[in-house]
Amino acid sequence: MSVGIYFATTTGKTEDIAERIHGMLSGTEVPKDLADVDDVIEFCSHESIICGVPTWNTGADSERSGTAWDSMLEEISELSLNEKKVAIFGLGDSSTYTENFCDAMEELHSHFLKAGATMVGYVDKSSYTFEESKSVIGDSFCGLPLDEDSESDMTDERILNWCTQLKSEIPGL
Ligand SMILES: Cc1cc2nc3c(=O)[nH]c(=O)nc-3n(C[C@H](O)[C@H](O)[C@H](O)COP(=O)(O)O)c2cc1C
């Protein structure tokens, strides 16, 4: 079972979290920067994928990440990822950008869904303080939101809980 980790970053925080998740999940491959990926077809070589995305384009309807993910979304939706599990984690700032907290996660989520992936790693929104997020579906975030700007003291516990959850949702972890 191969579980890939892919991230994009502008100031390095998403990369750091990708490394920490890799350290906690022994069944995962070394995290890869999306900027070094020529073609998203390589996602098909994994049984499951964990994706990390920051939000930079505040309030945007599309291309919310402001990273390499934005230009790859259409190609992702054209992949055939049936029977593959995909989990998303997002980096944002729930204090300064409280009306757009981790908005970019939902954009990845919808495009991976179009590709037929089974989305896992949803997180209850009740332990977060924010006004709005496009990444909330019902009572849950469509992935793991992390806030290294305003709530970095909560990151260890949030990652630990999420990795425990993924071990029950993704085969091979
Ligand atoms: C100009 C600017 C815009 C941002 N917009 C958002 C936003 O809309 N929503 C959010 O949750 N965080 C926003 N952030 C916070 C970043 O997403 C956060 O710092 C993140 O950890 C950056 O990750 P990276 O270092 O991997 O690029 C913004 C930060 C800056 C400086």
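Before reading further, recall that the structure is shown in the block above.
Residues numbered from 1 in each chain as written. Predicted model: local features only at pLDDT ≥ 70, side-chain atom pairs only at ≥ 80, totals over all residues. Heavy atoms only, no water.

**What to know about the site of the ligand**
Our working rule: Definition of nearness: a residue and a molecule or strand are near each other if at least one heavy atom of the residue lies within 4 Å of the molecule or strand. Two N or O atoms form a polar contact when they lie within 3.5 Å of each other; inside protein one atom must be a possible hydrogen donor and the other a possible acceptor, and for residues adjacent in sequence the pair counts only when both atoms belong to side chains. Here the Shrake-Rupley method, with its probe set to 1.4 Å, supplies the accessible areas, and only the displayed protein chains count as covering residues. In this analysis, the protein atoms alone were mapped onto a 1 Å grid. Cavities are point sets where a 1.4 Å probe fits without being able to get out; pockets are open sets with protein on both sides within 12 Å along at least five of seven lines; lining residues have an atom within 4 Å of a point. Being in a pocket or cavity means that more than half of the molecule's atoms lie within 2 Å of its grid points. Under the grouping applied here, Gly and all other residues not named as nonpolar or charged are polar, the nonpolar ones being Ala, Val, Leu, Ile, Met, Phe, Trp, Tyr, Cys and Pro and the charged ones Asp, Glu, Lys and Arg.
Near the ligand, the surroundings consist of 18 residues, among which T9, T11, T14, T55 and D149 are the closest. Here an oxygen atom of the ligand and a side-chain polar atom of T9 are 2.6 Å apart. Contact between the ligand and T55: an oxygen atom at 2.6 Å from a main-chain N or O atom of the residue. For the ligand, whose unbound accessible area comes to 650 Å², protein coverage reaches 85%. When atoms are counted within 2 Å of each cavity's grid points, the one that captures over half of the ligand is the largest pocket. Partitioned by chemical class, the residues of the shell around the ligand number six nonpolar, nine polar and three charged.

**Digging into the pattern of salt bridges**
Note the following rule: For this analysis, a salt bridge means a side-chain nitrogen from Lys or Arg found within 4 Å of a carboxyl oxygen belonging to Asp or Glu. Under the DSSP-based scheme used, a helix requires at least four consecutive residues in state H or I and a strand at least two consecutive residues in state E, with every element numbered from the N terminus. Only protein chains enter the accessibility calculation, which uses a 1.4 Å probe; a residue is then buried when its area is under 20% of its type maximum, exposed when over 50%, and partly exposed in between.
Going through the model one piece at a time under the given rule, you end up with eight salt bridges. One salt bridge in this structure joins D16 and R20, with 3.2 Å as the shortest N-O distance. Of this pair, D16 and R20 both sit in helix α1 (residues 13-24), four residues apart, roughly one helical turn. Two residues, D103 and K134, come together in a salt bridge whose shortest N-O distance is 3.2 Å. Taken together, the residues D103 in the loop between β4 (85-91) and α3 (104-114) and K134 in the loop between β6 (123-124) and β7 (136-137) connect sequence positions 31 residues apart. You can call D103 buried: its relative accessible area is 1%. What makes K134 partly exposed here is its relative accessible area of 30%.

**Comments concerning unusual backbone geometry**
The phi dihedral of E63 is positive, around 50 degrees, even though this residue is not glycine. Residue E63 is classed as partly exposed on the basis of its relative accessible area, which comes to 43%. For E83, which is not glycine, the phi torsion reads 70 degrees and is therefore positive. Structurally, E83 can be placed in the loop between α2 (69-77) and β4.

**As for the nonpolar core**
Test applied: We call a set of buried Ala, Val, Leu, Ile, Met, Phe, Trp, Tyr and Cys residues a nonpolar core when their side-chain atoms join them within 4.5 Å. When checking whether two residues touch, look at their non-hydrogen atoms; a contact exists if any pair is within 4.5 Å.
Grouped together as the largest cluster of nonpolar side chains are 50 residues, with contacts concentrated most on I21, F43, I50, W69, F89, F112 and W162. Broken down by element, the residue count for this core peaks at five residues, all from β4. Excluding residues that lie within four positions of it along the chain, W69 makes contacts with Y6, F7, A8, L34, F43, C51, G52, V53, I76, L108 and F112.

**A closer look at the side chain of R158**
With respect to the helices and strands, R158 occurs in helix α4 (residues 155-169). The class of R158 is buried, set by a relative accessible area of 9%. Reaching out from R158, the side chain makes a polar contact with the backbone oxygen of S127 at a distance of 3.4 Å. Excluding its chain neighbours within four sequence positions, the residues that come into contact with R158 are S127, Y128, L144, P145, L146 and E151.

**With respect to the packing of α2 against α3**
We apply this condition: Here the axes come from fitting lines to C-alpha atoms, over the contacting stretch only for helices, and the angles between their N-to-C directions go from 0 to 180 degrees. Working definition: roughly parallel below 35 degrees, roughly antiparallel above 145 degrees, roughly perpendicular at 65 to 115 degrees, and oblique for all remaining angles. Handedness of a crossing is defined here by the sense of rotation of the near helix relative to the far one, left-handed for an anticlockwise turn of less than a right angle and right-handed for a clockwise turn.
One way to put it is that α2 packs onto α3 with a least axis distance of 7 Å and a crossing angle of 20 degrees. In terms of orientation, α2 and α3 fall into the roughly parallel class. The handedness of the crossing between α2 and α3 comes out as left-handed. Of α3, the residues touching α2 (which contributes W69, L73, E74, I76 and S77) are E107, L108, H111, F112 and K114.

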